[in-house]
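For reference, the chains in residue letters:
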Amino acid sequence: MPMGNSRRVSGSPVRFPQVPQLGFYPYRHPSWLPNSPGIRERSPVVARVTLDLTLRREFDYAIPEELRSVVTVGSRVKVPFSHREVLGVVTELADTSPHTNLKPILRVIGEQSLVTPRVLELARWMAEYYCCPVEAALKSVLPEAVRQEEAGWRERLHVHALEPVGEPPKLTPRQKAIWNIIEEWREMPLTELVRLGETTAETVRKLEDKGLVIIAPKRSERDPYALERFTPTQPLDLNPDQQRALTAILGAMKAPRTPDSPPGTFLLHGVTGSGKTEIYLQAIAETLAAGKGAIVLVPEISLTPQTVERFKARFSSGPHQTLVAVLHSQLGTGERHDEWHKIRQGRARIVIGARSAVFAPVDPLGLIIVDEEHEHSYKQEEAPRYHARDVAVVRGQREGAVVVLGSATPSLESYYNAKRGKYQLLEMPGRVTETRLPIVRVVDLRQEHRKARGGAPAIFSSQLREAIQLRLDRAEQTMLFLNRRGYSTNLQCEKCGYVAGCPNCSVTLTFHRKAQQLRCHICGHEAVVPTECPDCKNPAIRYSGLGTERVEDVLSRLFPKARVKRMDSDTLQRKDDYRKVLTDFRTGKIDILVGTQMIAKGLHFPNVTLVGIIHADLSLHVPDFRAGERTFQLLTQVSGRAGRGDVEGEVFVQTFTPFHPAIQFARRHDYLGFYDQEMEFREQLKYPPWSRVALLTLKGRNEDKVKFSADHLRKTLDTRLAAWRDLVIAGPAPAPLLKAESFFRYQLMIRTKAMARLSRELAALEAELTWPDDIRLTVDVDPVNLV
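To start, this report covers the structure provided alongside it. (Residues numbered from 1 in each chain as written. Predicted model: local features only at pLDDT ≥ 70, side-chain atom pairs only at ≥ 80, totals over all residues. Heavy atoms only, no water.)

Considering the overall build of the protein chain
Assigned secondary structure in the protein chain consists of 21 helices and 32 strands. Taking 28 Å as the expected radius of gyration for a compact globule of 787 residues, we find that the protein chain reaches 29 Å, a close match to that expectation. Within the protein chain, the fraction of its 787 residues that count as buried is 54%. Sequence separation of at least 24 residues holds for 75% of the intrachain contacts in the protein chain that already meet a minimum separation of 6. (Helix = DSSP H or I, 4+ residues; strand = E, 2+ residues; numbered from the N terminus. Rg over C-alpha atoms; globule rule 2.2 N^0.38 Å. Buried < 20%, exposed > 50% of the residue type's maximum accessible area, 1.4 Å probe, protein only. Contact = heavy atoms within 4.5 Å.)

Pasting the structure below:
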C-alpha cells in the first residue's frame, strides 16, 4: 500500500499505514512464489489490485466467497472504483486489511490467472529500474488483445472428415475434389475449405448429406500459419565451434544454480553464417526434453517468414513436437489473442517474437534466446522504456533459465560484460559451410564526384554498376541497401534558398514520386508538391538527395531487362507483402532487391553474391556517441547477406569517409579491432559501457517555457545529487531534433555507475516535482536513441 497518503479507498477516506510502498517500490511478498512459507492453507479474503489507471498505488478489495477458489495472484478482475467499474490485476492476497468496508471484486476475467507470479515480480522490477508506474509495466506484460473484459475467442463453422461406413457414396467431380482436400486436412474451417476448393458452402453440405463430413460450430483459433505446410527438418551435424558452444549451454541448463555457479547468461559471438540458429534449435530441443519451455526474441525487422519456418519445421513433428507461438506487431488483434493463450495454457512451449515476447507466460521457463542482441529495436521508446535484452537477462536470473545472447556484432555493453565475466563468452569465428566471408571493397565517392566534373554524380559508382551487370550475366542475385525511403530527401529553391520543411518537426519533407507527395517521416505530415517556389515563385525548384524509390527508378533505366523489386515500408502495405517478396526473391523471380534496414538481417539466400551499400555515411554523422558502433554493425550485417552459397560473395561500400575506423574495421570483418578502438574513446568521455546513462527530456509547445523548465530541473538535480561521486550531468541543451510532432524538446544526460540507485532518486524526484500543464518530463534509463 502507498505510504502516508490520504485517499478514498473502497468508498471511505482512510490514511494508508507506513508499510512498504507496493505501488511504487518493489516489495516481494513470500506468497508470490510457489512452495514458499508465505502461502496460507485457507483461502485469503482480501485481494490487492493494481488498476488499469496510472495511480502508482494498489487498492484492497474483498474477495466474495464464491470467488475465493478462483482469485489468485495474477488474476484479471473487474472492480468498483469511485462511481465506475474498472479492470485490474491482483498483485497480492491477504487475510486482513487495515481498511474497513472493503468493496467486493465484481468478477474474474478469464478461465485462469493471466500473469504468472514471477512475471508480476519482473514487472515490479521494471517499474523501479525504468522509472515508470507499475501500471505501465503491467500493460506491457499483458497485450491489449488479452486485457479486454470480454473473451476474444471466435467461433466458426468447421468441417470434420468422417470415416466412410460401407460402400463409398458416388461423388461428382466437384464433390470429389472437395473430399480430397478435407480428407487430407481431416478438419478445417468451412470458409477456408470453400476458398481452397474454389467452391460453395452448398457443395460441402452435400458431402455432409452423404455422411462423409460433419459441419459444426467450434472455437476457432486464428493462426497466421494455419494453412502452411512445413517440411520437417532434422538436427544437423555441428562443427567443432558449434559443438563447444552447445555443450557449454547444455551444461548450464543441467547444472543446479548456486551463488558460486558460472553465469547463466552466454554471449554467442559468431560471424554471419556461422550456424548460430542450429545451436538455438538444438538447445531448445534439450529444453523441451527437460519439460521446460523456451522464448526466442528476434528484432521485429528480422521476424521474417524464413525465421519462423526454421523453428516450425524443426518442431512440427518428431520427439520434441510442440506448438510454436509467434508474437509480433503484424498480427491481427485476434491472432495475438489466440497465440498468447496457447502459451498461457501450456500448449505452445516455444515462443518466437519481437521485444514484448520477453513477457510471454511460459511456465516453467528453461531458455531465453535473444538473437541479434545488439539491435536497437529491442528498446521500447515509450513508457515503460525497457530494453528487452536486459529484461531477458533479469528474467533468466529470477527464473533459473539460461539466456543466450547471439550476434555477429555484439553491443559493446554485452561484450564488455562477457570480458568481465558477467556473461560466458562463446566464439564462432568461421562460417559453418567453410565458405569465406565476402570480399568488401570500399568505393570513395569523393573520387566519383571529381569524375562527374561539376555534373550530377551517379548514384552507382562504375565499379558497382559493372558488378551488378556481371551478376545479371551469371544469373546471380544482388541486394542493394539504402536506409532511407522516398525519392528525394529535400526540395529546395536555388534562387531564394527556400527548403520545404515540416511545420511540426525540425526536418525537411521527403518527396515521394509515385504518390506525388511531400511527407514527414517523423510525424506523418503530408503536403502537395509545389510547382514553383512558395516564397519567390521560381519555377526551377530543385530536388536533391536520394531514397530507395529513386534507386529503384535509376536501376530500371540502367538495367531495363533486370527484374527489380523495392522493399520498404512504402511498398509493403499488406500483411502478406513481406512474405511474397521474399518468396519471389528466394525462388529467383527477382534479380535485384533494393531495400532499407529490413533486408539487412535474418535473411539467407545462397544465390546472393553481391551486396551494394549505396551510402554508408547516413548513420555515421548523427549526434550520437553510438554512431560509429551502429555503422559498423549495419555494414557488417548487410555484408553478411552475400556469399552464403557456393560462390564467394562481394560487397561494395560507397562512402565519402572511406578511412573512418567503423568502415575500415567492417571492411576487414574485425570486430575485436573495432571494440578496442571504440572502448578507448568511450572511456575518455565516460560513456557506456564505462557508465550507465539516464536521458531526461522535457517537452512542450512553447520553447521558452521548455527551456526554463529544463534549467529549473538542472538546478534541482545539482542540489539533490551534490553529494554523489562519479556522476556527470550534461545539459540542458536542445535535443538534436529540437522539434518533433509539434513539441519542442530539451535534454539532460546523467552518467553514473550506480544506475539502480539513480533510478530510485529520479522516481522520487519525478513524484515530487510539479510541472506546468503543458510541460512533460520523460526519463529514459539506458537510452539507445539520443536524437
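Describing a positive patch on the surface
Where like charges cluster on the molecular surface, the positive patch consists of Arg420, Lys422, Lys686 and Lys753. For Lys686, the location among the structural elements is in the loop between helix H19 (671–685) and strand E29 (692–700). (Patch = residues over 30% accessible without salt bridge, like charges linked within 9 Å, V, L, I, M, F, W, Y side chains within 5 Å. Areas by Shrake-Rupley, 256 points an atom, 1.4 Å probe, with all protein chains shown as cover. Salt bridge = Lys/Arg side-chain N within 4 Å of Asp/Glu carboxyl O. Lys, Arg positive; Asp, Glu negative; His and termini not counted. Charge placed at Lys NZ, Arg CZ, Asp CG, Glu CD.)

What to know about the nonpolar core
If you look at the biggest cluster of nonpolar residues, it comprises 131 residues, and the most contacted ones within it are Leu696, Leu713 and Leu717. Per-element accounting of this core gives the leading share, 8 residues, to helix H1 (residues 117–129). Not counting the four nearest positions on each side in its chain, Leu717 is found in contact with Leu696, Ala722, Ile729, Leu748, Ile750, Leu762 and Leu765. (Core = buried A, V, L, I, M, F, W, Y, C linked by side-chain atoms within 4.5 Å.)

Some words on the sheet that holds E29
Strands sit in the order E30-E31-E29-E32 across an open sheet of 4 strands; the sheet is antiparallel. In the strand order of this sheet, the two ends are held by strand E30 (727–740) and strand E32 (776–781), each with one partner. Each neighbouring strand pair of the sheet contributes to a mean axis angle of 20°, computed without reference to strand direction. In terms of strand pairing, E29 meets E32 through 6 bridges, oriented antiparallel. The residue bridging Leu695 from the neighbouring strand is Asp780, located in E32. (Pairing = 2+ DSSP bridges. Axes fitted to C-alpha atoms, helices over the stretch in contact; angles between N-to-C directions.)

Concerning the environment of Asn483
With respect to the element layout, Asn483 can be found in the loop between strand E19 (477–481) and strand E20 (490–493). Judged by relative accessible area, Asn483 falls into the partly exposed class, the value being 35%. Distance in space between the C-alpha atoms of Asn483 and Phe744 is 26 Å, their sequence separation being 261 residues. Side-chain polar atoms of Asn483 contact the backbone nitrogen of Gln597, separated by 3.1 Å. (Polar contact = N/O pair within 3.5 Å; in protein donor to acceptor, adjacent residues only side chain to side chain.)

Section: the sheet that holds strand E6 (residues 84–94)
Pairing is antiparallel in the open sheet, where 5 strands are placed in the order E4-E3-E6-E5-E7. The open sheet has two edge strands, strand E4 (59–62) and strand E7 (107–109), and neither has a second partner. The average undirected angle you get between the axes of adjacent strands in this sheet is 50°. Examined bridge by bridge, strand E3 (residues 46–51) and E6 share 6 bridges and lie antiparallel to one another. Looking across to E6, one finds that Val46 is bridged to Ala94.

So, the packing of aromatic side chains
Per the counting criterion, the structure on display carries 17 aromatic pairs. Between Trp125 and Tyr129, the aromatic rings sit 5.3 Å apart at their centres with planes inclined by 5°, giving stacked as the arrangement. Of this pair, Trp125 and Tyr129 both sit in helix H1, 4 residues apart, roughly one helical turn. Across the pair, exposure class does not vary: Trp125 and Tyr129 are buried alike. Here Tyr487 and Phe511 contribute two aromatic rings whose centre-to-centre distance is 6.0 Å and whose plane-to-plane angle is 80°, an arrangement assigned as edge-to-face. Taken together, the residues Tyr487 in the loop between E19 and E20 and Phe511 in strand E21 (residues 510–512) connect sequence positions 24 residues apart. Taking relative accessible area as the criterion, Tyr487 reaches 13% and is therefore assigned buried. With a relative accessible area of 6%, Phe511 lands in the buried category. Here the aromatic cluster, defined as three or more aromatic residues joined through ring pairs, consists of Tyr415, Phe632, Phe665, Tyr671, Phe674 and Tyr675. (Phe/Tyr/Trp six-rings, centres within 6.5 Å; stacked < 30°, edge-to-face > 60°.)

With respect to helix H12 (residues 412–419)
Counting buried positions along H12 gives 7 out of 8 residues, so the element sits mostly inside the fold. For H12, the set of buried residues is Leu412, Glu413, Ser414, Tyr415, Tyr416, Asn417 and Ala418. Against the buried residues of H12 lie strand E11 (265–270), helix H11 (388–399), strand E16 (402–407), strand E17 (424–428), helix H17 (627–639) and H19. Positioned one or two residues after H12, Gly421 has a phi angle of 90°, which is positive.

A word on the side chain of Arg566
Here Arg566 lies in strand E25 (residues 564–567). Judged by relative accessible area, which is 8%, Arg566 ranks as buried. Reaching out from Arg566, the side chain makes a polar contact with the side chain of Glu552 at a distance of 2.8 Å. Here Arg566 is in contact with Thr548, Glu549, Glu552, Thr571 and Val594, once residues within four sequence places are set aside.

A short note on the packing of H12 against H19
The interhelical angle for the contact between H12 and H19, taken along N-to-C directions, is 95°, at an axis separation of 11 Å. Between H12 and H19, the interaxial angle falls into the category roughly perpendicular. Where H12 approaches H19, its residues Leu412, Tyr415, Tyr416 and Lys419 are matched on the opposing element by Tyr671, Leu672, Phe674, Tyr675, Glu678, Met679 and Arg682. Here the contact of H12 with H19 is composed, by residue class, of 8 nonpolar, no polar and 3 charged. (Parallel < 35°, antiparallel > 145°, perpendicular 65-115°, else oblique. Nonpolar A, V, L, I, M, F, W, Y, C, P; charged D, E, K, R; others polar.)

Quick notes on the side chain of Ser544
Looking at where Ser544 falls in the secondary structure, it is placed in strand E24 (residues 541–544). Separated by 2.3 Å, the side chains of Ser544 and Asn490 make a polar contact. When near neighbours in sequence (up to four residues on either side) are disregarded, Ser544 contacts Ser488, Thr489 and Asn490.

Structural notes on unusual backbone geometry
Each neighbour pair has its own omega, and for Asp363 with Pro364 the value is 0°, a cis peptide bond. Take Pro364: it is sitting in the loop between strand E14 (348–353) and strand E15 (365–371). With an omega of -5°, the peptide bond between Ala383 and Pro384 qualifies as cis. One can find Pro384 in the loop between E15 and H11. Residue His669 is not a glycine yet carries a positive backbone phi of 55°.

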